[in-house]
Amino acid sequence: MPEQGDARDHQHIVRSFDEELKALSGAIVEMGGLAERQVADALKGLVEEDIELAARVIERDARIDELEERIDQDVIRLLALRQPLAIDLRMIAMALKISNDLERMADYAVSIAKRSQRLSEQADRKPMQSLPRIGQSCLAMVKDVLDAYVERDAEKASAVWHRDREVDEQYTSLFRELVTYMLEDPRTISTCIDLLFVAKNLERIADHATNIAEKIVYIIHGTHINRPRHEVE
Amino acid sequence: MVTTTVPTATATVSSSAPVSVKMSARNVNLWYGTKQALFDVNMDVMKHRVTALIGPSGCGKTTFLRCLNRMNDTIGSCRVEGDIRLDGLNIYDPSIDVVQVRARVGMVFQKPNPFPKSIYENVAYGPRIHGLARSKADLDDIVEASLRGAGLWEEVADRLDQPGTSLSGGQQQRLCIARAIAVSPEVILMDEPCSALDPIATAHIEELIDELRKTFTIVIVTHNMQQAARVSQYTAFFHLGKLIEFGPTEEIFTRPLEQMTQDYITGRFG
């Protein structure tokens, strides 16, 4: 199976097609960079009680939506005008799906930012101590999956895919921890529930990073990572 | 007798569906004078399937197509080696009647080429010389069935006595298809049958090809990659006289196994 790496050494006869493909990849990378920053800032805003940073995350979401629309249009145009095949077809079709994953990721970042505004009013910060750990795991997955996209590196994408389980485990353990806090002191219930939602959002962000990893492997090899059915949800 | 497993001296086969083999080519080499035009081609043509032959100009796809009903015999300097079988029968065997081969393996050409005769006579000619009709009524039935089979009957039923050349390009090509199917062939070879037609006439031919494969086995040469993708179930990619890759069309166009195939179908050649 010829791979993307090889294909990139071979230019299209019609050079404007190469430029359009490069522009599409560029839009994905830009959108990915923004989404990564949204997740990072949402986390930072939460942990450092920075309400202004959280507000900026909420504001910046519009730019991500704009990029998603632009990618939709670019993909439709390329399909109609270039009738791409093989690796070009896979790359273009997956751009549509990857941009959707990035948009969802950014939405979860906004959710976290909104909750962090509420959480900043809470006096008891103790239940929040475990959050940065799962946050950093998620953020690392997002960053690595974007690197894998830029480098067209199927192995790196595969490694990200395998890390999803780690985040799932961290989420489960955080869930138990928060339930324990709530049992010990019912006054923490409100905070803990907000934190549970944040943790769930982070876990979903990692799921989308995992989805993107699958799509990168599909772009490069034309095959799907085999995922046991019970792990899909 | 050569076995009919899917090949592969020269090509990578993506996968093989359980369908039966209608024609098989084994170690086919071909020369025009001293110049070799085909190199060790090994390929199967599946029954009731459309097989598309693609590749850049001069890659040997038309040359290979013409081997399948010995059309290359008409070129004096042409020499063919290897084995081409139709239902297991070697069509290059000296005992074979080449006229019978071409009755079983018909051909439609790039440019519509109706005889300078009436629409009726264009279709009736083949069945008549092959003695397929016992009476005028028989012949009428064959002509009607063939024109219907080619999707042309409704358009020409009331003017069968007019010259075939009076039809539009797309209609002429369908007339040639009617002429080809009138002698009840088993395989139809098509050499860029739509290259001289507009998109609507092309769509009619493509729809017809899909219909025809229920009755016949079809091999089509096309320069139009999208057409190959639309009409065929199997695709063979030729380059410089060699079969580079052969497999299910869907796989060839979404995830070819060979770099050269990918470069060609994505427009990176050269």
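Conventions used here
- Residues numbered from 1 in each chain as written.
- Chains lettered and ligands numbered in written order.
- Predicted model: local features only at pLDDT ≥ 70, side-chain atom pairs only at ≥ 80, totals over all residues.
- Heavy atoms only, no water.
- Disulfide = S-S within 2.5 Å.
- Buried < 20%, exposed > 50% of the residue type's maximum accessible area, 1.4 Å probe, protein only.
- Contact = heavy atoms within 4.5 Å.
- Buried area = accessible area lost by both parts, 1.4 Å probe.
- Salt bridge = Lys/Arg side-chain N within 4 Å of Asp/Glu carboxyl O.
- Polar contact = N/O pair within 3.5 Å; in protein donor to acceptor, adjacent residues only side chain to side chain.
- Helix = DSSP H or I, 4+ residues; strand = E, 2+ residues; numbered from the N terminus.
- Nonpolar A, V, L, I, M, F, W, Y, C, P; charged D, E, K, R; others polar.
- Core = buried A, V, L, I, M, F, W, Y, C linked by side-chain atoms within 4.5 Å.
- Phe/Tyr/Trp six-rings, centres within 6.5 Å; stacked < 30°, edge-to-face > 60°.
- Lys NZ or Arg CZ within 6 Å of the ring centre and 35° of its normal.
- Domains from an automatic or database assignment.
- Pairing = 2+ DSSP bridges.

## Digging into the state of the cysteines
- Per the stated rule, a full pass over the model turns up zero disulfides over all chains.
- The structure places no disulfide on Cys192 of chain A, whose sulfur is separated from the nearest cysteine sulfur, that of Cys138 of chain A, by 19 Å.
- By relative accessible area, Cys192 of chain A is classed as buried at 0%.
- The thiol sulfur of Cys78 of chain B is not disulfide-bonded, and the nearest other cysteine sulfur, from Cys67 of chain B, lies at 6.4 Å.
- Using a relative accessible area of 15% as the deciding quantity, one classes Cys78 of chain B as buried.

## Comments concerning the interface of chain B and chain A
- With 16 residues of chain B at the interface, the matching set in chain A holds 20 residues.
- Roughly 1500 Å² of surface becomes buried between chain B and chain A when both sides are summed, with 53% attributable to carbon and sulfur atoms.
- Of all residues in chain B, the largest losses of buried area upon contact with chain A belong to Arg255, Gln262 and Arg268 of chain B, amounting jointly to 37% of the total for that side.
- Joining chain B to chain A, the criterion identifies one salt bridge.
- Our count for the chain B to chain A interface comes out at eight residue pairs in polar contact (both at pLDDT 80 or more).
- Mapped onto the side of chain B that touches chain A, the elements with two or more residues apiece are α8 (225–231), α9 (249–254) and α10 (259–265) of chain B.
- Looking at the side of chain B that touches chain A, the element that brings in the most residues is α10 of chain B, giving four residues.
- For the side of chain B that touches chain A, the class distribution of residues is six nonpolar, six polar and four charged.

## Here's the deal with the nonpolar core
- Counting 71 residues, the largest nonpolar core has Leu102, Leu131 and Leu202 of chain A as the members making the most contacts within it.
- At the level of elements, α2 (15–47), α3 (51–82), α4 (86–119), α5 (131–151), α6 (154–184) and α7 (189–221) of chain A are the ones that each hand at least two residues to this core.
- For Leu102 of chain A, the contacting residues outside a window of four places in its chain are Ile28, Met31, Gly32, Ala35, Leu146 and Ile212 of chain A.
- In terms of nonpolar packing, the next biggest core, distinct from the first, is built from 47 residues, Leu139, Ile142, Val143 and Ile177 of chain B among them.

## Considerations on the pattern of salt bridges
- With the rule as written, the count across this model stands at 37 salt bridges over all chains.
- Arg26 of chain B is the salt-bridge partner of Asp44 of chain B, the closest N and O atoms lying 3.0 Å from each other. On the criterion of sequence distance, the pair formed by Asp44 of chain B in strand β3 (residues 35–46) and Arg26 of chain B in strand β2 (residues 21–32) is long-range, its members being 18 residues apart.
- Residue classification places Asp44 of chain B among the buried residues on the basis of a relative accessible area of 0%.
- We note a salt bridge from Arg134 of chain B to Asp138 of chain B, for which the minimum N-O separation is 3.5 Å.
- Residue classification places Arg134 of chain B among the exposed positions, given a relative accessible area of 78%.
- Several salt bridges share partner residues, and in doing so they unite Glu20, Arg70, Asp74, Arg77 and Arg82 of chain A into one network.

## A closer look at the side chain of Asp83 of chain B
- As for its position among the elements, Asp83 of chain B is in strand β5 (residues 78–86).
- In terms of polar contacts, Asp83 of chain B uses its side chain to reach the side chain of Asn90 of chain B, at 3.3 Å.

## Some details on the packing of aromatic side chains
- Evaluated as defined, the whole model comprises five aromatic pairs over all chains.
- Their ring planes at 70° and their centres at 5.4 Å tell us that Phe115 of chain B and Tyr125 of chain B sit as a pair that is edge-to-face. Separated by ten residues along the polypeptide, Phe115 of chain B in the loop between β7 (105–108) and α3 (119–129) and Tyr125 of chain B in helix α3 bring together distant segments of the chain.
- Look at Phe115 of chain B and you get partly exposed, because its relative accessible area is 29%.
- Among the residues examined, Tyr125 of chain B registers a relative accessible area of 38% and is labelled partly exposed.
- Seen from their ring centres, Phe237 of chain B and Tyr264 of chain B are 5.1 Å apart, and the 25° between their planes marks the pair as stacked. Separated by 27 residues along the polypeptide, Phe237 of chain B in strand β10 (residues 234–239) and Tyr264 of chain B in helix α10 bring together distant segments of the chain. Both residues of the pair, Phe237 of chain B and Tyr264 of chain B, count as buried.
- The ring of Tyr108 of chain A carries the charged tip of Arg104 of chain A above its face, separated from the ring centre by 5.4 Å.

## Observations concerning the domain arrangement of chain B
Residue and element names in this part refer to chain B.
- When the domains of chain B are assigned, the result is domain 1 (1–8 + 20–110 + 192–197 + 219–270) and domain 2 (114–188).
- Centre-to-centre separation of domain 1 and domain 2, based on C-alpha positions: 27 Å.
- Taken together, the contact pairs 17 residues of domain 1 with 13 residues of domain 2.
- Interface area, domain 1 with domain 2, both sides summed: about 1100 Å², of which 58% is carbon and sulfur.

## Looking at unusual backbone geometry
- For Gln83 of chain A, which is not a glycine, the phi torsion comes out positive at approximately 40°.
- Within the secondary structure layout, Gln83 of chain A lies in the loop between α3 and α4.

## What about the environment of Asp161 of chain B?
- Along the chain, Asp161 of chain B turns up in the loop between α5 (153–156) and α6 (169–181).
- Taking relative accessible area as the criterion, Asp161 of chain B reaches 65% and is therefore assigned exposed.

## A few points about the sheet that holds β2 of chain B
Residues and elements named next belong to chain B.
- Taking strand neighbours across the sheet as the criterion, the four strands line up as β3-β2-β5-β6 in an open arrangement whose pairing is antiparallel. Unpaired on one side and paired on the other, β3 and β6 (89–90) mark the two borders of the sheet.
- In this sheet, β3 lies alongside β2 in antiparallel orientation, the contact comprising eight bridges. Note that in β3 the partner of Val28 across the bridge is Val41.

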